[in-house]
Amino acid sequence: MSPETAKSLETRTRLLEGALRTLTEQGIAKTSARTVAATAGVNQALVFYHFGSVDELLAAACRYGAERTVARYRARFETVTSLSELLVLGREIHEQERAGGHVMLLGQLLAGAQTHEALGPATAAGLDLWIVEIEKVLRRVLAGTPFGEFTDPAGLARAVAASFVGMELYEGVDAAGATAALDALEQLGMLVSAVEELGPVAQRAVRQYLRRASGKR
């Protein structure tokens, strides 16, 4: 890699990280080419040289931040063996991301998506990275259980991700309520785990009940 290419990549990364930091610290309303460049410590013109517009920079920063964050937890997702463990990991991620200011960042991205056209697809793409990892876990842990036949892992993964996004935003106005919601999800995971621990006869009875309830015979 030539020195010029290395410098260009370094500048681009500084702008991406500067955009994420500006969104977190100053909010979407105060995020501009000037404020991002000041945070990144580069010339304002470089925003347009590397990204064309502030909206494109913010979209790229959204994807960059999501990819970096999901990569940090990917190995943990691969070790999950039950729904309860997945929910516990989700709570751990929530607490760590909140401490790092990333929950506030998500709120700013969702707010910005209403007025910055490029942010909507970029935010959805970032959330999809989480959904992919959650779906992999659900397919693995539900296979062979009474629930595997009656659940849609792709849809359930989106529901889990949406629940955590909602709780992250809800926490800002009702921290106790968000905690209670997380507790309830973990209790649900415990109930599912209890069914998984049943013997073959009891599990067969559960499957038969679910088939009747779902209209499957």
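Since this is a predicted model, take the numbers as computed values, not measurements. Numbering of residues begins from 1 in every chain and follows the order in which that chain's sequence is written. pLDDT decides what is reported in this predicted model: residues at 70 or higher carry local features, side-chain atom pairs at 80 or more are listed and counted, and totals for whole chains, interfaces and linings draw on all residues regardless. Each side-chain value is derived from all of the structure's non-hydrogen atoms; neither hydrogens nor water enter the calculation.

Student: Run through the packing of aromatic side chains, naming residues and quoting values.
Tutor: By convention, a stacked pair of Phe, Tyr or Trp rings (six-membered ring in the case of Trp) has centres within 6.5 Å and planes under 30 degrees apart, an edge-to-face pair has planes over 60 apart, and any other such pair is tilted. Here the structure, examined in full by the defined rule, presents two aromatic pairs. Considering the side-chain rings of F77 and W130, the 6.3 Å spacing of their centres and the 70° angle between planes classify their relative orientation as edge-to-face. In this pair, F77 is assigned in helix α4 (residues 54–79) and W130 in helix α7 (residues 119–142), connecting sequence segments 53 residues apart. Summarising the burial analysis for this pair, F77 and W130 share the class buried. Ring pairing ties together the aromatic residues Y73, F77 and W130, which thus form one cluster. Helix numbering and strand numbering both begin at the N terminus, where a helix is a DSSP run of H or I of at least 4 residues and a strand a DSSP run of E of at least 2. Three exposure classes are used, based on accessible area relative to the maximum for each residue type with a 1.4 Å probe and protein chains only: buried under 20%, partly exposed in between, and exposed over 50%.

Student: With reference to specific residues and values, describe the pattern of salt bridges.
Tutor: Criterion for a salt bridge: a side-chain nitrogen of Lys or Arg within 4 Å of a carboxyl oxygen of Asp or Glu. Within this structure, the stated rule accounts for eight salt bridges. A salt bridge links R68 to E17, with the nearest nitrogen and oxygen atoms 3.3 Å apart. With R68 in helix α4 and E17 in helix α1 (residues 3–26), this pair connects stretches of sequence that are 51 residues apart. Exposure remark for E17: the relative accessible area of 32% places this residue in the partly exposed category. Of the charged contacts in the structure, one is a salt bridge between R91 and D183, with a shortest N-O distance of 2.6 Å.

Student: So what's going on with the nonpolar core? Residues and values would help.
Tutor: Counting residues in each nonpolar core, the largest one holds 24 residues, and the members touching the most others are L15, L57 and L58. Those elements that place two or more of their residues in this core are α1, α2 (33–40), α3 (45–51), α4, α6 (102–112) and α7. If you tally residues by element for this core, the top one is α4, at seven residues. Beyond its immediate sequence surroundings of up to four residues, L57 is in contact with L15, L16, A19, V36, V47 and F51. By convention a nonpolar core is built from buried Ala, Val, Leu, Ile, Met, Phe, Trp, Tyr and Cys residues, the set being connected through side-chain atoms within 4.5 Å. Listed in part, the 23 residues of the second largest apolar core include V70, V80, V137 and L138. The contact criterion used is simple: two residues touch if any of their non-hydrogen atoms lie within 4.5 Å.

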